Amino acid sequence: MDKRTLLAVDDAEINRKILSKLFSNDFDVLEACDGKEALDVINEHDGNIDIIVLDIIMPEYDGFYFLEKIKETEFASIPVVIATTDNSPEAENRLLDLGATDLIYKPFNPQNAVKKVNAILARYEAENQRIKSTASSLEDRHSIVMRQTNTFSAEYNFLTGKTFIDPEYSNYVHRDFCNIDIFDPTTMIGLIYRPDLDAVISFLNLGDIHETIQKYINIRILTDNNIYEWFRLALTIHIENGIKTRAILTFNNINNEMEAIKKLEIFSSIDRLTKIPNRNTFVEKTQTIIEANPETKFAIVRFDIESFKIINQLFGTSEGDSILKFIAVKLQEIIEPIKNGTYCRITSDLFAFSIPYESEELLNSIIDTLVAAVKMYPLNFDITLSFGIYIAENSEYSVRHMLDRAGVAQKATKNNYKSHVSYFDEALREQEEIEITIVSEMKRALENGEFKIYLQPKVDMRTGEIIGSEALVRWVHPEKGLISPRSFIPIFENNGFITELDYYIFATVSKQLDKWRSEGIPILPVSVNVSRADLYDPNLFPNIVKIVDTYNIPHEFIEFELTESSFISDNHKLVELTYNLQKGGFHVLMDDFGSGYSSLNSLKDIKVDVLKIDINFLPTSTSDERAGKILTSVVSMANALDLKVVVEGVETRDQADFLISIGAYEAQGYYFFRPMPVEEYEVALKKQLEAKK
Ligand code: C2E
Ligand code: CA
Ligand code: CA
């Protein structure tokens, strides 16, 4: 048998000579002095290299460069063993993430190194063999039809817990796709088009099923050209004897189909499903009518079905479709007779209409008629519509913009249990303006250092002594002044900017602690808030460590306040983060305990160090007997579990006295201190030091 070929990449000639000598018995050894030359050598040999031993630190074209570059070539599958001196788990993980097959450590122990490289190669080849053989049996099962229909499949076996992805997948989607765990949405970030992610998560949520089912969804997935293309996913769950056995997902590239449909829809004026006008027709027609009637007010109304997703899940999508058609018919019956009335289906369960606006009563009666008509649909489920209304007084804005504003009003109904109709009013207009400012200025504001931390002391109520603080962000806007986090954090959580901001806050707090330490001020722990949205960053924990370690702050001085998520699917991320933080020597607080999201139940999975109870989440004041009882039992339970308790929101002496009487001594609240600029906090700290002397 021919000798196999090994490529040794190292900038130090002496190391290359060592490697050559070590491996020359088993391999033909090729050499390269950096990442770039290595790529050239591979090309010259047309990829006929069995294994690469790669040094990481080389001038200019280093090992990282090489790993990045080779991924983009057809030779990405050649196993790469990294020769490194850094045996930290972080370095190891990073390298493996970059595509390294395994690592060997320098200085080499000659026999070990050779043995290890041979073992790596053998394992690698065996693995490949296995993939090939499973591939052929899969071929039998799913037949070549799949290839011809742009389809590949993945199979999850509930009994073995193993996932198998048809190796052909790489012809259709990005090669990282094989790392997807269909039950862990975080592994899909980047691979699935972000706006489609939530739909995928609920699609894959299997819940309670008792018979074999199949369902479909259309989503965008990253392909090897680094663009997102449309795929139809079909999920079949097999149930045998009442238990789930296999889940089969087929992925069918339907990009061409979708493009064609899109073109068709643009050219056509009719909504395909309901056969009433589509959005474009509506916008055009309404625009013309409004412009032709400058003296008339118009009501632009948008509505959708609340919990339409649930209806689809409960009754199936064909029932869902039939409801949509029914609504379209009713909408047409009601609006068509009105002069200058227009209507359409925008998309999925979203409809719109526009009519001349005479009075609120008249509009309400039209809405009531529609609601009553829809109630006639025979279904064992209350079909509730929610409406957002924009009243156009002139044609200053485009109909598209009016529709957007009706949409904003519509969103406002979602927080309102009493009414399903809301108008775009002055308050929403202001909100819109604030949001526009916030989103358009956030990046600049971060760069300009407009985000500042305020510190709110935590005290031991028995002595009144400061024992630490919480960092709360403030936006100090050059024109608008102090902006509360309550107005911008929810927006940042939606658009993802929160993670960048939170890292900035972590760094600012670390830096501040470092400064105090260098000035000889004794430091106390500072807690920072972690947004639920941060959990989507797969590098959250390593990044935290990196930031804190940059300033050499002992980990017990930075504490993390987490809130339990309303999404069960995030919870294991929370458990994992808590575990990592604590293992790393950080303390973890469960924020807003008792707010509904976080509950006693979650304590069995998430082992935090401190419960933060917000007194305002309790029924009323502490004079309320019930609230007192709840607090008392939570505190005694926490004591029994060896959990510390911090009560926040303490505003009165009475509350403080009561808390002390039930054994809760640590508090944070306006009664003691409000959140304050860092300088003020420093003054308070110094005062405390003086008093102690
Ligand atoms: P939170 O983490 O529950 O913070 C406590 C909030 O309660 C703070 O509001 C604080 O000013 C307020 N508070 C403190 N004592 C009292 C009191 O006695 N009575 C009353 N009524 N309120 C009190 P703030 O600073 O407006 O922050 C609001 C929320 O914004 C925070 O709630 C937190 O969820 C979020 N937030 C603030 N800073 C950050 C940050 O840097 N990152 C992230 N992700 N979220 C942050
Ligand atoms: Ca907090
Ligand atoms: Ca809180």
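This text goes with the structure placed above it.
In this text the structure is predicted, and so the values were computed from the model without any measurement.

A. Highlighting the sheet that holds strand β13 (residues 350–356). The strand order across the open sheet formed by five strands is β12-β13-β11-β14-β15, and the pairing between neighbours is mixed. Whereas interior strands pair on both sides, the edge strands pair on one side only; in this sheet they are β12 (342–347) and β15 (421–423). Going from strand to strand, the sheet's axes swing by 20° on average, the running direction of each strand aside.

B. Representation of empty space enclosed by the protein. In total, this model carries four cavities of 30 Å³ or more according to the counting rule given. Roughly 70 Å³ of internal volume is contained in the largest cavity. Forming the walls of the largest cavity are Phe 177, Ile 180, Ile 182, Met 188, Ile 192, Val 200, Leu 204, Ile 219, Ile 221, Leu 233, Leu 249 and Phe 251. If you list the elements that add at least two residues to the lining of the largest cavity, you get α7 (194–204), β8 (213–222) and β10 (243–253). Of the residues in the lining of the largest cavity, the class split is twelve nonpolar, no polar and no charged.

C. Seen up close, the side chain of Asn 255. Following the sequence through the fold, Asn 255 ends up in helix α8 (residues 255–267). Looking at Asn 255, its side chain comes within polar contact range of the main-chain nitrogen of Trp 230, at 2.8 Å. Not counting residues up to four positions away in its chain, the partners in contact with Asn 255 are Glu 229 and Trp 230.

D. Examining the coordination of the calcium ion (ligand 3) more closely. Protein ligation of the calcium ion (ligand 3) involves Asp 591 (OD), Asp 592 (OD), Glu 648 (OE) and Glu 648 (OE), the donor distances falling in the range 2.1 to 3.2 Å. Each donor residue of the calcium ion (ligand 3) lies on the same chain, and together they follow the pattern D-D-x55-E. The distance between the calcium ion (ligand 3) and the calcium ion (ligand 2) is 4.0 Å, with Asp 591 acting as a donor to both metals. Asp 591 gets classed as buried once you look at its relative accessible area, which sits at 7%.

E. Just the coordination of the calcium ion (ligand 2), in detail. Protein coordination at the calcium ion (ligand 2) comes from Glu 470 (OE), Asn 529 (OD1), Glu 561 (OE) and Asp 591 (OD), with a distance range of 2.1 to 2.3 Å. For the calcium ion (ligand 2), all donor residues lie on one chain, and their spacing in sequence is E-x58-N-x31-E-x29-D. For Glu 470, a relative accessible area of 4% gives the class buried.

F. Local environment of helix α13 (residues 399–413). The terminal C-alpha atoms of α13, which comprises 15 residues, lie 21 Å apart, in line with the 21 Å expected from a rise of 1.5 Å per residue. Among all positions in α13, only Val 399, Met 402, Leu 403, Arg 405, Ala 406, Gly 407, Ala 409, Gln 410 and Thr 413 are buried.

G. Geometry of the nonpolar core. Counting residues in hydrophobic clusters, the biggest one holds 74 residues, and the most contacted among them are Phe 451, Phe 492 and Phe 560. Contact partners of Phe 451, with chain neighbours within four places excluded, come to Met 442, Ala 445, Leu 446, Val 473, Arg 474, Trp 475, Phe 488, Phe 492, Phe 497, Leu 501 and Tyr 504. In terms of nonpolar packing, the next biggest core, distinct from the first, is built from 32 residues, Val 173, Leu 204, Leu 206 and Leu 233 among them.

The rules behind these values
- Residues numbered from 1 in each chain as written.
- Chains lettered and ligands numbered in written order.
- Predicted model: local features only at pLDDT ≥ 70, side-chain atom pairs only at ≥ 80, totals over all residues.
- Heavy atoms only, no water.
- Pairing = 2+ DSSP bridges.
- Helix = DSSP H or I, 4+ residues; strand = E, 2+ residues; numbered from the N terminus.
- Axes fitted to C-alpha atoms, helices over the stretch in contact; angles between N-to-C directions.
- 1 Å grid on protein atoms, 1.4 Å probe; cavity = no way out; pocket = protein on both sides within 12 Å on 5 of 7 lines; lining within 4 Å.
- Points joined across faces, edges and corners; volume = space filled by probe spheres on them.
- Nonpolar A, V, L, I, M, F, W, Y, C, P; charged D, E, K, R; others polar.
- Polar contact = N/O pair within 3.5 Å; in protein donor to acceptor, adjacent residues only side chain to side chain.
- Contact = heavy atoms within 4.5 Å.
- Donors = N, O, S within 2.8 Å, 3.2 Å for Na, K, Ca; no water.
- Buried < 20%, exposed > 50% of the residue type's maximum accessible area, 1.4 Å probe, protein only.
- Expected span 1.5 Å × (residues − 1).
- Core = buried A, V, L, I, M, F, W, Y, C linked by side-chain atoms within 4.5 Å.

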